[in-house]
Amino acid sequence: MTSDQNDIEEPIMSAPPEVAKIIREVIRVEKENLHSDRPKGVKADILQIIKDAVR
Amino acid sequence: MKLLSIKLFNFRQFWGEVAIDLAGQPGQSITVIHGNNGAGKTTLLNAFTWVLYGQHTGAFAAPEQHINKRAIAQTTPGSRIDCWVEVVFEHNSNRYRARRSCYLEKPRLDQPLIEQGGELDLQINGKLVQPPEEPDDKIGQVLPESLHRYFFFDGERIDQIVKSENKSEISKAIRTLLSVEVLDRAINHLKDALRSLNKELAEIGDPETKRLVKEKEALIEEKAELDVSREEIAAEIAAFEQQKQKVTTLLRQLDQIGQIQERRDLLKQQAEATQAQLDRSEDKLRRTISARGYMVFLTDAIAQFRNLANDLRQRGELPAGIKQQFVEDLLDEGTCICGTALAPDTPARQQVASWLDRSGIQQVEEAVLQMGGEVNSIERQIPEFWAEVEQEQSSIENLRRHLATLENQLDTIREQLKGSEDINVSGLEQRLEEIENQIIELHREDENVAQDIETCEAESAALTKQIKELKAKSKQQALIQRQIRAADDAIARIGEVRSRVDQKFRVVLEHKVREIFRQVSFKTQVPKLTENYELVLVETLTDGESVVAPSTGENQILSLSFIGSIIERVRYWSKKHSLIGLDSSSFPIVMDSPFGTLDENYRRQIARLIPILADQLVVLATKTQWRGEVETEMEPYIGKEYVLVFNSAKPDGQPESIVLHGDAYPLVRQSPNEFEWTEVVEVER
């Protein structure tokens, strides 16, 4: 494993906690819905993720 | 995803229930299933794709028919025949049991067979997935449908994967595998969320707070002015109250003087009235004397007149006896009262005419009569005149006396008021009344101002409440702004990750595909992953790279190289990059007719590489496909081995068998009845 590969997720790792939380949650939701070309409710879920992360 | 077993019930060639446990032990993760053409290898491959995705591969004939023909034939018309396939697999330490089933009601006559159902039931750790969760979604989360063709494939058609007409599909698959798709979607959906947040922010609005604060400030200012007014009014009231007090005290002190003054004023009025009456009496006396005073001097003249009249009477001249007019009338008529005609120049007439001279005394008589009346009247009036004069003189005398009395009294009062005459008590009282009225007016004004202040305070309180609410909104605003900044930051960071994935993963994946391809192919052409994640084969020439059109065999190698490398890379990245990597770090490969039409050398290379790259491999092969080099390369990794035994109803069919580990296993044998079906026999190892 090279340092470059480690660096791939560095922008997420170095993010402020609330931003990192948003990213993690958003990616989780997107992964869950990856199988669907037109997933339903994702927009609302992501808006809620932001609101939950930044209070 | 690790496949554990597959069970089939009345599915195509497989009559009744057939179970196959799959190898998955590290180092022994290959399951080989031997079968002749038509025995059910493609059916088994499609059993996987049908259960998991409701899909069939290209080589699967009559995909609408799933139910075993023998089962249908042996069922009485009107009865139901069930069919299902069940796959059990593990994923992230969870056990999935996926079963898709269909059935048909056998018609009584020669009516078409219509299958029904086809739904997927999924249990995760023994718990059935129920709405609102969808079993298909759960499977998709384990291995997206768009990727399944790279893991469940027909080796003879593997070249299709990288054909140019499918480049968008493979591009999408690579993007998904490399998490680019996830990152792109995350960015797009975060942008959508940003739009929503900005909209929310715009709706809250700040100018409203500013306006209300300004309004409140104006109210505070107004209230301050009103307070000042009220203070001024209070001071004014206090001043007037002081004045009132002074005037009241003064008036109390001057009460006695006031009474005397009142008496004085009354006496003055009386004196004035008496003087006026006196004036009137004196005037009247003057007028009486001037009008009738002469009468008292006529006494002698009256006596003289009476003497003259008496003389005339005594002489008989009075009264006159005949009237001159009467005589004239007789003469005009020419007839005497005695009837004698009085013709002119007749004695009779002359006799009568002589009476005319005698009638001349008549005027004297009348004058005497008239004057006699007047003289009598004058004589009667003289005493009245004197009475009247005396009365007026008496009245004047009385009035003068009264006036003198009043003047005396006034003199006394003046003496009493000496030094205090200038004090205007009524003026003071009037002033007091004015002061009291002003105080009342000021109190009224104060009430109004107090009312205004109250209104001011109420409005101010309402504004404070509104501002407080707006401040809450403002807090909300600040919160949304923070959320926007966080979302912006998240987008930028995901974008950066995506860029790094793009730069690093793509290059590494391309490198891996090339590495595998080179191991297999002896040609100079190399695979290339374009910026759009399309997989092409390029040739390096002196003037640069050129995309070449690969042969079917080259496409097969390219496809297998690609599948092998993405499995290896994704497994690697999933472990190292748990956040953006796919949840699955292991993938099975189910290959029907592996290696297609590849040359021996290629087959050997692929057979050597695939077991190393794949976490789990299910190989469905004919005796021909399982030739020496393939068997040699894969043998060390085989964990389970099966033979599909086809029961042929063909009367003159030739039995066929395969020797495995020294034992012969039938591949085709004579059916004991008119039906054809396949059984599964596990190879003893």
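See above for the structure.
What counts, and where the lines are drawn
Residues numbered from 1 in each chain as written. Chains lettered and ligands numbered in written order. Predicted model: local features only at pLDDT ≥ 70, side-chain atom pairs only at ≥ 80, totals over all residues. Helix = DSSP H or I, 4+ residues; strand = E, 2+ residues; numbered from the N terminus. Buried ≥ 20, exposed ≤ 12 C-beta atoms within 10 Å, placed from the backbone. Contact = placed C-beta atoms within 7 Å. Pairing = 2+ DSSP bridges. Axes fitted to C-alpha atoms, helices over the stretch in contact; angles between N-to-C directions. Nonpolar A, V, L, I, M, F, W, Y, C, P; charged D, E, K, R; others polar.

**Notes on the overall build of chain B**
Argument step 1. Helix and strand counts for chain B stand at 16 helices and 17 strands.
Argument step 2. Counting over 685 residues, chain B shows a buried share of 30%.
Argument step 3. Across chain B, the fraction of contacts at a sequence separation of at least 24, relative to all contacts at a separation of at least 6, is 72%.

**With respect to the sheet that holds strand β9 (residues 526-529) of chain B**
All names here are of chain B.
Argument step 1. The 3 strands lie next to each other as β9-β10-β11, forming an open sheet whose pairing is antiparallel. The two strands at the open ends of the sheet, each matched to only one other strand, are β9 and β11 (544-548). Averaged over all pairs of adjacent strands, the angle between their axes in this sheet comes to 50 degrees, without regard to strand direction.
Argument step 2. Of the pairings in the sheet, the one linking strand β10 (residues 535-541) to β11 comprises 5 bridges and is antiparallel in character.

**A closer look at the interface of chain A and chain B**
Think of interface size as the accessible area that goes away when the parts come together; that is how it is often given.
Argument step 1. Listed as interface residues are 30 residues of chain A and, on the opposing side, 34 residues of chain B.
Argument step 2. Going through the elements one at a time, α1 (3-7), α2 (10-13), α3 (17-32) and α4 (42-53) of chain A are the ones with two or more residues in the side of chain A that touches chain B.
Argument step 3. Among the elements that take part in the side of chain A that touches chain B, α3 of chain A stands out by supplying 10 residues, more than any other.
Argument step 4. For the side of chain A that touches chain B, a count of residues per class yields 17 nonpolar, 3 polar and 10 charged.

**Focus on helix α9 (residues 324-333) of chain B**
Count 3.6 residues to each turn of an α-helix, and residues three or four apart come out pointing the same way.
Argument step 1. Little of α9 of chain B is tucked away: 0 of the 10 residues are buried.
Argument step 2. Residue glycine 334 of chain B follows α9 of chain B closely and has a positive phi angle near 80 degrees.

**Brief notes about the environment of isoleucine 46 of chain A**
Argument step 1. Mapped onto the fold, isoleucine 46 of chain A is located in helix α4.
Argument step 2. Judged by local crowding, isoleucine 46 of chain A falls into the buried class, with 27 C-beta atoms found within 10 Å.
Argument step 3. Sequence separation between isoleucine 46 of chain A and isoleucine 22 of chain A is 24 residues; the distance between their C-alpha atoms is 8.3 Å.
Argument step 4. Ignoring anything within four residues of it in the chain, the contact list for isoleucine 46 of chain A reads Val26 and Val29 of chain A together with His189, Leu190 and Ala193 of chain B.

**A few points about the pairing of strand β12 (residues 588-592) of chain B**
Residues and elements named next belong to chain B.
Argument step 1. For β12, the tally of buried residues reaches 5 of 5 residues, placing the bulk of the element in the interior.
Argument step 2. Of the two faces of β12, the one carrying Pro588, Val590 and Asp592 and the one carrying Ile589 and Met591 are both buried.
Argument step 3. For strand β8 (residues 152-154) and β12, the ladder comprises 3 bridges, and the chain directions are parallel. Along β12, the bridge assignment pairs phenylalanine 153 with methionine 591.
Argument step 4. Pairing analysis gives 5 bridges linking β12 to strand β13 (residues 616-621), with the strands arranged parallel. Its bridge partner lying in β13, valine 590 is registered against valine 618.

**Some points on the environment of threonine 624 of chain B**
Argument step 1. Locating threonine 624 of chain B in the fold gives a position in the loop between β13 and α16 (628-634).
Argument step 2. The spatial distance from the C-alpha of threonine 624 of chain B to the C-alpha of asparagine 36 of chain B is 9.1 Å, given a sequence separation of 588 residues.

**A few points about unusual backbone geometry**
Residue and element names in this part refer to chain B.
Argument step 1. Omega for the bond connecting proline 131 with proline 132 falls within 30 degrees of zero, at 10 degrees, which places this linkage in the cis form.
Argument step 2. Structurally, proline 132 is set in the loop between β7 (127-128) and α3 (135-142).
Argument step 3. A positive phi is found at asparagine 125, a non-glycine position, where the angle reads about 55 degrees.
Argument step 4. Take asparagine 125: it is sitting in the loop between β6 (116-124) and β7.
Argument step 5. On the basis of neighbour counts, which here come to 9 C-beta atoms within 10 Å, the residue asparagine 125 falls in the exposed class.

Geometric descriptors of this kind do not, in isolation, establish any biological role.
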